[in-house]
Structure formats: structure tokens, C-alpha cells
Amino acid sequence: MRLREIIRSSDTKPIDTSKNSDTMRTLCNCVVTLSWRSPTGAPSDVCHWADGFPLNLHMYTCLLQAIFDFRDETLVLDEVDELVELMKKTWSTLGINRPIHNLCFTWVLFQQYVLTSQTEPDLLYAAHAMLSTEVANDAKKPDREAIYVKLLSSMLASMQGWAERRLLHYHDYFQRGNIFLIENLLPLALSASKILGEDVTLIEGTGKEDWKIVDSSGDRVDHYIRASIKNAFARIIETGSYKRTCVEVKDEASEALLQLAKETEDLALRERESFSPILKKWQPIAASVGAVTLHQCYGVVLKQYLAGMSSLNCESVEVLQRAAKLERFLVQMVVGDSADCEDGGKSIVREMIPYEVDAVIMRVMKQWVDERMKKGKECFVRAKDTETWNPKSKSEPYAQSAVELMKFAKETVEEFFETPVGITDDLVSELAEGLEHLFLKYIKFVEACGSKQSYVPTLPPLTRCNRDSKFFKLFKMTTPCSVSTEEMQREGVAEAHHPRPSTSRGTQRLYIRLNTLHYLLSHLHSLDKSLSLAPTTISSGRTRHTSHRRNRSTASSFFEGAYSSIQSVCQHVSEVAAYRLIFLDSNSVFYETLYVGDVAHARIRPALRILKQNLTLLTAILTDRAQALALREVMKATFEAYLMVLLAGGYSRMYFRSDHPMIQEDFENLKRVFCTCAEGLMNEELVEKEADIVEGVIKLMGESTEQLVEDFSIVSCETSGMGAVSAGQKLPMPPTTGRWNRADPNTILRVLCYRNDKAANQFLKKSFQLAKRK
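Just so we're clear, the structure is a prediction, and the values are computed from it rather than from any experiment.

## A closer look at the overall build of the protein chain
Right, on to step 1. Within the protein chain, the regular secondary structure consists of 30 helices and six strands.
Right, on to step 2. In the protein chain, buried positions account for 48% of the 774 residues.
Right, on to step 3. Nonlocal contacts in the protein chain, meaning residues at least 24 apart in sequence, comprise 76% of its contacts between residues at least 6 apart.
Right, on to step 4. For the protein chain, the computed accessible surface area is about 40,400 Å², with 52% contributed by carbon and sulfur atoms.

What follows is the structure in C-alpha cells.
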């Protein structure tokens, strides 16, 4: 009120502002009265200025502003010390003490730096010097007043918040000409946090301010780096073409992603060259942190792009290659920056979740392979439903379905290597596995042709011969009105001179199956070579499912399973074809008629003529590679059929010891057929090896009945474990195993059963009570 009166009186006369004027003395007394605190601090009805800190502090900071030159507000006057000493005289009036003065002086220096557009770094440096020395020491004192603590927290939070808004966006606030300012700003923020007694840092969210607990200066700088880079990357997304392109023109996303990769790499270079040298004073691996953050940011965008990619083209492959290049650049940046760390940067590298470009290519290519294999299965189903196992032509004696399957496989391999990517071993193995699965299914389909045992006649009951059996009586009775032995012989001779091949259409179709298997085998070698020698194949860094995939250092083929399966199925089909040819197609001239009734008049010559003709047809139909195995299986089946004629010929056959030379001669002729017809495919040594068992049985047929009985007794006892047979003890009946040989008791027993003499009959009746044939 007094001040208002003085101001109003100035309208009538000038105010005397001299030191001793009544006007100024009156005003000074009013001010002192209102601002002076009571000595005891007792409450009063008068509101003193000294009790209102905001006003007092504002007045004091206005006084402190006087240290700046009004002609250049960024400069501190040389008389700063004298001015401050004068200002100290107001402490008692304004309630100021040294700690509060230090706070206010620090704030004025900081505020002046801000008000002058941050053009004078020395002001910020001076503010930090006050903060890290005077203020830091005052803040540690235990007798701090509550008002001081409140003022300290408010001022430091304000200074830290202002500094961190710039540090969290230092890519935006600091350019090439003023990057050095970070070196002063960052210590200020760190000192403010340290004085506050808890490490907190500002996080900017969606229009709100929040605080995050941070453990140390290194962690705080780590957070500044990550946040600033994320913000800079987000600005590239917002201002660049990527976001608009992905939303509006998806077909051009590849080009936008390539541009984003370039800008990301430029941002990484700027970080490494401009900011990291300063920041590494507080964070030793500053460049590594920046590189990892950029790797993560680009990885998020790349993942979105890849999520919608179902096929590979030149554009998408270029994106993947550029992403891999960026990843290598960022990894190298981390490695180079972290070389001096204790763990060599391994901990920071672990934060870089790989883009796994190879894995992406593997996924897309695997999807492509799966689609191709689906088509291959459709091809297989069509083949299975329509295949008749007739040759495509005389020059191409294999199934049409195999031709279609291998054509599909060849086209698939060609398209695979035309894909514009670096093909890895894993991708090649993935394709090979899919193709091999198709091949194995087809091979199994070829294998489904029955079994050889289905063609083998059931063994007849074991009985003993009888010279006067009903069979021979019936044979003699029917001879006059039917066919004489001489006529049968003449018919056999005629058949021998005019043989008719007995190979059925079913057997010939089995030959086509064999040709088809060898056709597959030859083309598998070609495919294998194409996969192994592909010029674009590169090594893979990681191999999935290695237990199921080809390891080039230890394996020789991509299709080992198919090769092995073909060999096994060739063996099976050859056996079935051989048994069908001998026991079904040639049954009328072999098992049904050979040695029936009388060895002398039912010799093997007619059967040999037919066999030769069948073998000629076999070699004419089968390809060269399939002939050796097929002929060998026919030989085995023929020898087995011959043994069955001798040992399991049923009621129609009986043998005298005198028949032995004829039987031996017949078998020599049979062996000769295979030696001559299979010349170059089977040698004599192999034939003799397979014939060894038959010849052993034939030798038994040449022994005397007494010798056979003795041999049988010895072998039977040894086999059963009885030792010597005592008086009155019967020999055990040996089991029928079907594995004939001269040391087998069942084989010797059968020779005795078919031996037509009295001694054999007596032994068999006495030992086993075997009935005569009826």
C-alpha cells in the first residue's frame, strides 16, 4: 500500500530515489518490517516475505542474473565474485543459506544456457561443475532442511528431464556441428541422477511421461542409445516410403525394404562415427549397443515382410540378400567394437536374434518342394491306377509310369536350381528327401507282385513205394487204350524238336517290372550327379535333422535308401518271376511230367528244350543289367524244382538204384543249359556252386539201400542227440525243413521212401510204420 502511494504521488512530483530521501527510507522500513523474521521464530499475525520461498528464490535468482553481461547474455562479467559477495547480504532477508545459494547459482547458469539457445557450452559446463562439486557435497550433509530437499529434488528433476528429452532423441537434437555438446549434457544428466540418490531415467510414451529405474551410469547411457536409435529408425519409417508403400502398393514393398536397409546402414555408420566415440566414455560398447538395436528394429520390419512371402522371385531374393548383408555389417560392427571386452562381445551378440535368411529360404523352398512332392504323389496315384506293366515300346521295355515319374523328377530338379538363391546343402537334401520318398513309394508299388512261395506246390504226404501199387496197375490198364510208353517217348522227341516257349504274359509283365527298376536305377544316378555337381550349391552353416540327411563327407549318394530298396526289390521280383516261370509256366513239362512212372521214358530233354526257349525270351525282354540276376534266380528255381521231383514227387514217381546214371546225366544236361544260355552272365563256377546240393542228393540215389539206412541212422541220431541206437529203440521221425542236402536226415529218408525195393520197404515199415502207396 505504501509503494502504491509513492507511485501515485509521482504524478505530481518526481520521486527522490537518493539513499537518504524520506521516500526511500519510508519504503525501506516497510520492506524490512515485513521481511524480517522474528528472532525466536514464534508465529505472528504478519505474513513475512522470508516465509514464502518461491518469491524469495525468484527475487534471488533475479539478482543472480546480474552476473551476465547485458550486451552479450552468454558471457559472465569479470566482476562476478564481487557481485556474488554483495548478493550474500540479502541472505538474511530472503532466508537464503549457502546450500540454497549453490542450488540457485547452478540453476541460473543452467537456465541462462537454455535461454541463450544453448550457444555457449561453457555455461552448461559451469552448471555441471557446480552440480558435481558444491551441490553434490551439500546434498550429502545429514542436517539438510526439508525445504532444501524439496527444492533440490524439484530443480534436479527439472534439469534431468530437460537433458534426457534431448538424450533420448540425440539423433534429432545433435547434428554434425554440435555433437560435442553431448559431452557436457550427458554428465549433467548423470550427476543429477546420482545426487537424487536413485537412478531414474525419463521414458517418453504416448503423450505421457514416465520414469524407469536404471541401475548405473552405463545402463543409463545404454538406454539413451537404444531409445534414440529406435526413435531415429521410427522417423525413417514415418518419413520414408516404406510405410506408405506397404499399405498402399504392396507389390513395391521389396524396393522400399531395400531402401530401408540402406538408410539403416547409414544410420549405423553415423552412430559409429559420430556418437559412439563420445558415448563410449560411459558405455565401452556404445557402438555395439547401437548396432544391436538397429538389427532388432530392421528385424521387426523384415519379419512382417517375410510373413506374407510364399514364393521366391528376384525381388524377394534381393531383399533377403540385402538383409543378410546388413546383418553381416552390423555383426562386424559389434565384433570390432567389443574386441576389448572381457567376453569379446559374446553377451551383446546374443541379443542379436539372427534374421536367419537361410532359414527363410529353407522355409519357402521347403514349401515349394512340398508342393512339388504333392504333384509327384498325384503322378504316382495315376500310375498306380492305370499301370498294366506292358512295355512302352520294343526300344523302351519298361513301364510308362516310370517314364512319367522320372520326367517329373528331372523337371523338379531343373526348376529347383533355376531359383535365384544360393542353394545350400540343406536345401538340396530337402529336395532329395522328397524325391526319394516318391521313389520309395513307387519301388514298393513295383514290389507288390506276390511271393515265390505261392507258386511252389504243396509237399505230398510221405509214403513208401510199392512196385505193385494201384497206380502202376492203373497205368498198365490204361496203356493199351491210351498212350504207350513208346508213344510218350515219341511225343517227347517231337516236343523237343519243336519247342514252344511257355513264358506266360504274367511272367513277361514281371520282366517289365525288372526293366522298370533298372530304368529307375539309371536315372537315379543321373539325378544324383545333378544334385551333387550343381555349381550354385554352397555350404550351410546349420543343418537340421542331420540324422536323416546326407552328410557329404561320409555318404556317396543322395538316394542311398532308394538304391538299396531297388536292389532288394530286384531280388524279390526276380525270384517271383523265376518261380512263376518254372513252377507255373513250365509245370506241364517239368514238375508234372519229369520222371513220372518211369525214369527211362520221362527224361528231361523236352523240359530242357522249353527251358532254353524260355531263357532266350527272357534275355530278349530283359535289359542287359537285369539279365544276370534273373537268370541266376531261374537257375535256383529250376534246381529246387528238380530236387522236388526227386524228393517230393508224389505218388507218380519212384526210383530204382539203377536210375541213378540217367538222373545224373539229365542233371548234367540241365547245368549245361545255364552255362551255355547264360554265357557271359554266369560262369561255370557259379553254376557248380548252386548245383552242389542237387548233386549231393543225386549221389544218395546211387547208394545201396543198406548204405542209405546206415547213413540215415547215423545222421538221425546225431541230429536228434540220441547217440547210438540201442536194441529195440526206434529212430525219431526227422522234421521236414525243405532245406534239402545229403547230410539232412529228412532228405535221406525221402530217398528211401522213393526207393523202389524190398529192403527200403521193410526198413520204412519197421521204423516208421509208413504205409504203401495206394
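That was the structure; now back to the text.
## Here's the deal with the side chain of S193
Right, on to step 1. Tracing the sequence through the fold places S193 in helix α10 (residues 182–196).
Right, on to step 2. On the basis of relative accessibility, which here comes to 0%, the residue S193 falls in the buried class.
Right, on to step 3. Looking at S193, its side chain comes within polar contact range of the main-chain oxygen of A189, at 3.1 Å.

## Brief notes about the confidence of the model for the protein chain
Right, on to step 1. Of all residues in the protein chain, 84% attain a pLDDT of 70 or more, and the chain-wide mean is 83.
Right, on to step 2. Within the model, the stretch residues 469–497 combines pLDDT values under 50 with 25 contacts to residues more than four positions away or in other chains.
Right, on to step 3. Counting contacts from residues 541–554, a segment whose pLDDT is below 50, to residues more than four positions away or on other chains yields 26 contacts.

## With respect to the nonpolar core
Right, on to step 1. Among the nonpolar cores identified, the biggest contains 221 residues, and I182, Y298, F439, Y442, F559, Y642 and F674 are the most heavily contacted of them.
Right, on to step 2. Looking at this core element by element, the count peaks at 15 residues for helix α25 (residues 624–647).
Right, on to step 3. Those residues in contact with I182 that sit more than four places away from it in its chain are L167, Y170, F174, P187, F275, I278 and L279.

## Focus: the layout of surface pockets
Right, on to step 1. The volume enclosed by the second largest pocket comes to roughly 470 Å³.
Right, on to step 2. Lining the second largest pocket are 20 residues, and of these Y579, K636, E640, L643 and G738 lie nearest its centre.
Right, on to step 3. Elements supplying a minimum of two residues to the lining of the second largest pocket: α23 (560–585), α25 and α27 (684–701).
Right, on to step 4. Counting residues per element, the lining of the second largest pocket draws most heavily on α25, at six residues.
Right, on to step 5. Class assignment of the residues belonging to the lining of the second largest pocket gives a composition of nine nonpolar, three polar and eight charged.

## Focus on α25
One turn of the α-helix equals 3.6 residues, which is why residues spaced by three or four share an orientation.
Right, on to step 1. Look at α25: 35 Å from first C-alpha to last across 24 residues, which is about the 34 Å you get at 1.5 Å a residue.
Right, on to step 2. For α25, the tally of buried residues reaches 18 of 24 residues, placing the bulk of the element in the interior.

## A word on the packing of helix α24 (residues 605–621) against α25
Right, on to step 1. Running from N to C, α24 and α25 point in directions that differ by 155°, and their axes come no closer than 10 Å. On the basis of their axis angle, the class for α24 and α25 is roughly antiparallel. Here α24 runs over α25; the crossing is right-handed. Along the contact surface, α24 presents L611, L615, L618 and T619, while α25 presents Q627, A630, L631, V634 and T638.
Right, on to step 2. Across the contact of α24 with α25, the residue classes break down as six nonpolar, three polar and no charged.

## Topic: the pattern of salt bridges
Right, on to step 1. Within the structure shown, the criterion is met by 20 salt bridges.
Right, on to step 2. Two residues, R742 and E703, come together in a salt bridge whose shortest N-O distance is 3.2 Å. Taken as a pair, R742 in the loop between α28 (705–720) and α29 (745–753) and E703 in the loop between α27 and α28 lie far apart in primary sequence, 39 residues in all.
Right, on to step 3. If you follow the salt bridges from partner to partner, you end up with E668, K671, E688 and E695 in one network.

## Comments concerning the environment of Q567
Right, on to step 1. As for its placement among the helices and strands, Q567 is situated in helix α23.
Right, on to step 2. Sequence separation between Q567 and H518 is 49 residues; the distance between their C-alpha atoms is 9.2 Å.

## What to know about unusual backbone geometry
Among all residues save glycine, negative phi is the norm, and among peptide bonds the norm is trans.
Right, on to step 1. Positive phi values are uncommon outside glycine, yet Q118 reaches one of about 60°.
Right, on to step 2. Mapped onto the elements, Q118 comes out in the loop between α6 (98–115) and α7 (121–140).
Right, on to step 3. Phi is positive for Y595, close to 65°, though the residue is something other than glycine.
Right, on to step 4. Among the secondary structure elements, Y595 is positioned in the loop between α23 and α24.

## Some words on the packing of aromatic side chains
Right, on to step 1. All told, the structure shown has 22 aromatic pairs when counted by the stated rule.
Right, on to step 2. Where Y442 meets F445, the ring centres are 6.0 Å apart and the plane angle is 65°; that geometry is what we call edge-to-face. On the criterion of helical spacing, the pair formed by Y442 and F445 is a turn pair, its members being three residues apart in helix α19 (residues 425–447).
Right, on to step 3. Take Y442: its relative accessible area is 1%, and that puts it in the buried class.
Right, on to step 4. A ring pair is formed by Y595 and Y655, whose centres lie 6.2 Å apart and whose planes are at 90°; its orientation type is edge-to-face.

## Brief notes about a negative patch on the surface
Right, on to step 1. A grouping of D78, E79, D81 and E82 is seen on the molecular surface, where their side chains present a negatively charged patch.
Right, on to step 2. Locating D78 in the fold gives a position in the loop between β2 (72–76) and α4 (80–87).
Right, on to step 3. Judged by relative accessible area, D78 falls into the exposed class, the value being 73%.

## Structural notes on the environment of P284
Right, on to step 1. Its location among the elements puts P284 in the loop between α13 (253–279) and α14 (286–307).
Right, on to step 2. Separated by 57 residues in the primary sequence, P284 and C341 have C-alpha atoms spaced 8.3 Å apart.

Cut-off values and rules
- Residues numbered from 1 in each chain as written.
- Predicted model: local features only at pLDDT ≥ 70, side-chain atom pairs only at ≥ 80, totals over all residues.
- Heavy atoms only, no water.
- Helix = DSSP H or I, 4+ residues; strand = E, 2+ residues; numbered from the N terminus.
- Buried < 20%, exposed > 50% of the residue type's maximum accessible area, 1.4 Å probe, protein only.
- Contact = heavy atoms within 4.5 Å.
- Areas by Shrake-Rupley, 256 points an atom, 1.4 Å probe, with all protein chains shown as cover.
- Polar contact = N/O pair within 3.5 Å; in protein donor to acceptor, adjacent residues only side chain to side chain.
- pLDDT = per-residue confidence, 0-100.
- Core = buried A, V, L, I, M, F, W, Y, C linked by side-chain atoms within 4.5 Å.
- 1 Å grid on protein atoms, 1.4 Å probe; cavity = no way out; pocket = protein on both sides within 12 Å on 5 of 7 lines; lining within 4 Å.
- Points joined across faces, edges and corners; volume = space filled by probe spheres on them.
- Nonpolar A, V, L, I, M, F, W, Y, C, P; charged D, E, K, R; others polar.
- Expected span 1.5 Å × (residues − 1).
- Axes fitted to C-alpha atoms, helices over the stretch in contact; angles between N-to-C directions.
- Parallel < 35°, antiparallel > 145°, perpendicular 65-115°, else oblique.
- Left-handed = near helix turned anticlockwise from the far one by under 90°.
- Salt bridge = Lys/Arg side-chain N within 4 Å of Asp/Glu carboxyl O.
- Phe/Tyr/Trp six-rings, centres within 6.5 Å; stacked < 30°, edge-to-face > 60°.
- Patch = residues over 30% accessible without salt bridge, like charges linked within 9 Å, V, L, I, M, F, W, Y side chains within 5 Å.
- Lys, Arg positive; Asp, Glu negative; His and termini not counted.
- Charge placed at Lys NZ, Arg CZ, Asp CG, Glu CD.

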